[in-house]
Amino acid sequence: MKRIRSLSDAECETLRAAWKGGPNGRVRQRAQAVYLAHRGYRRIALSGFFEVDVDTISAWLDGWERDGLCGLYDGPRSGRPRIYTAGEEARLCGWLDEEPRQIQQAQARLEQATGKPASRQTAHRIVKKKRLVVLDNAPIHTSQAFQDRMVDWFRQGVGFHWLPPYSPELNLIDILWRKIKYEWLPPKAYLSFNHLKSELQNILEHFGSKYQITFD
């Protein structure tokens, strides 16, 4: 039986938001399947529920395990060649970030800049491409206020992927930086950026002699 790793509360909320307000039916369906797999549903049960074969369910779960939320979206398919390059599409999205409601003007601007005519549908397709935001588990990223907005953001094509939790008390570099920040940096280090840089450089150069840590 294929199982997926245990999901964090934030990942569960991401999946619930995705199946309720994902940008298309395929993403919504796959998000619900991953969530149900997390809840203990077997592949064969999911196969019957979603009316697809077991291998398809496995592919959905593998996509999530491999790429998180991004793995629930369809990859590029063969067919008509794309009109604009990735860089040109990014320019269109950049102009629309400045003027979100001016898609026709942005399309005309891109056509003029590239000399490549394209339909309005092409411009809409570019704009509706998913944007994946990778987040850590800071309280602001898992707050109720944030979660309340997730469905709206999904409908606008913005997805989220939370980095897996970790244990900083077991991470040597985190222990080192905690010592530097709270014990070794003198108050004058915060007078200016140059002071901070100088004091930090001094600590790093003398780490192991003047500044020591005993890792148990």
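Residues numbered from 1 in each chain as written. Predicted model: local features only at pLDDT ≥ 70, side-chain atom pairs only at ≥ 80, totals over all residues. Heavy atoms only, no water.

## Focus on the packing of aromatic side chains
The geometry of two aromatic rings is summed up by the distance between their centres and the angle between their planes.
1) Next: For the structure on display, the rule yields five aromatic pairs.
2) Next: A centroid spacing of 5.8 Å and a plane angle of 80 degrees characterise the contact between F50 and W60, whose relative ring orientation is edge-to-face. Here the residue F50 occupies a position in helix α3 (residues 43-50), and W60 occupies one in helix α4 (residues 54-67), the gap between them amounting to ten residues.
3) Next: A relative accessible area of 9% means that W60 is categorised as buried.
4) Next: Taken together, a centroid distance of 6.2 Å and an interplanar angle of 45 degrees make the contact between W184 and F207 tilted. On the criterion of sequence distance, the pair formed by W184 in helix α10 (residues 172-184) and F207 in the segment after α11 (193-205) is long-range, its members being 23 residues apart.
5) Next: When its relative accessible area of 14% is taken as the criterion, W184 is described as buried.
6) Next: Aromatic ring contacts, followed pair by pair, group F49, F50 and W60 into a single cluster. (Phe/Tyr/Trp six-rings, centres within 6.5 Å; stacked < 30°, edge-to-face > 60°. Helix = DSSP H or I, 4+ residues; strand = E, 2+ residues; numbered from the N terminus. Buried < 20%, exposed > 50% of the residue type's maximum accessible area, 1.4 Å probe, protein only.)

## Examining the packing of helix α2 (residues 25-38) against α3
In helix packing, the relevant descriptors are the interaxial angle and the interaxial distance, both defined with respect to the helix axes.
1) Next: Running from N to C, α2 and α3 cross one another at 150 degrees; their axes reach a closest spacing of 10 Å. With respect to α3, the axis of α2 lies roughly antiparallel. As α2 packs across α3, the resulting crossing turns out to be right-handed. Touching Q29, Q32, A33, L36 and A37 of α2 are L46, F49 and F50, all from α3.
2) Next: Taken together, the residues of the contact of α2 with α3 sort by class into six nonpolar, two polar and no charged. (Axes fitted to C-alpha atoms, helices over the stretch in contact; angles between N-to-C directions. Parallel < 35°, antiparallel > 145°, perpendicular 65-115°, else oblique. Left-handed = near helix turned anticlockwise from the far one by under 90°. Contact = heavy atoms within 4.5 Å. Nonpolar A, V, L, I, M, F, W, Y, C, P; charged D, E, K, R; others polar.)

## Brief notes about the nonpolar core
1) Next: L15, V34, F50, W64 and L72 are the most contacted members of the largest nonpolar core, which totals 21 residues.
2) Next: Contributing elements (two or more residues each) for this core: α1 (9-21), α2, α3 and α4.
3) Next: For this core, the element with the most residues is α2, which contributes seven residues.
4) Next: Counting residues in hydrophobic clusters, the runner-up holds nine residues, among them L176, W184, L185 and I213. (Core = buried A, V, L, I, M, F, W, Y, C linked by side-chain atoms within 4.5 Å.)

## Remarks on α1
1) Next: In a regular helix each residue adds 1.5 Å, so 13 residues correspond to 18 Å; α1 covers 18 Å between its end C-alpha atoms and thus fits that length.
2) Next: The complete set of buried residues in α1 reads A10, E11, C12, E13, T14, L15, A17, A18 and G21. (Expected span 1.5 Å × (residues − 1).)

## Observations concerning the pattern of salt bridges
1) Next: For the structure on display, the rule yields three salt bridges.
2) Next: For E183, the salt bridge goes to K179, with nearest N and O atoms at 3.1 Å. A residue pair is termed a helical-turn pair when its members lie 3 or 4 positions apart in one helix, as E183 and K179 do in helix α10 at four residues.
3) Next: The class for E183 is exposed, based on a relative accessible area of 52%.
4) Next: One salt bridge connects K188 with E199, and the closest N-O pair in it is separated by 3.5 Å. Remark: E199 occurs in helix α11 and K188 occurs in the loop between α10 and α11; sequence separation between them is eleven residues. (Salt bridge = Lys/Arg side-chain N within 4 Å of Asp/Glu carboxyl O.)

## Comments concerning the side chain of S47
1) Next: Tracing the backbone through its elements, the reader meets S47 in helix α3.
2) Next: Taking the relative accessible area as the measure of exposure, S47 reaches 12% and is therefore buried.
3) Next: Sequence-distant contacts of S47, defined by excluding residues within four places in its chain, comprise V52, D53, V54 and I57.

## What about α4?
1) Next: Helix length check: α4, at 14 residues, gives a terminal C-alpha distance of 20 Å against a target of 20 Å (1.5 Å per residue), a fit within 8%.
2) Next: What α4 keeps buried is the set I57, S58, W60, L61, G63 and W64.
3) Next: Lining the buried residues of α4 we find α1, α2 and α3.
4) Next: Backbone nitrogen of D55 and a side-chain oxygen of the N-cap are separated by 3.2 Å at the start of α4; the cap is D53.
5) Next: A positive backbone phi angle near 65 degrees is found at G68, which sits one or two residues after α4. (Polar contact = N/O pair within 3.5 Å; in protein donor to acceptor, adjacent residues only side chain to side chain.)

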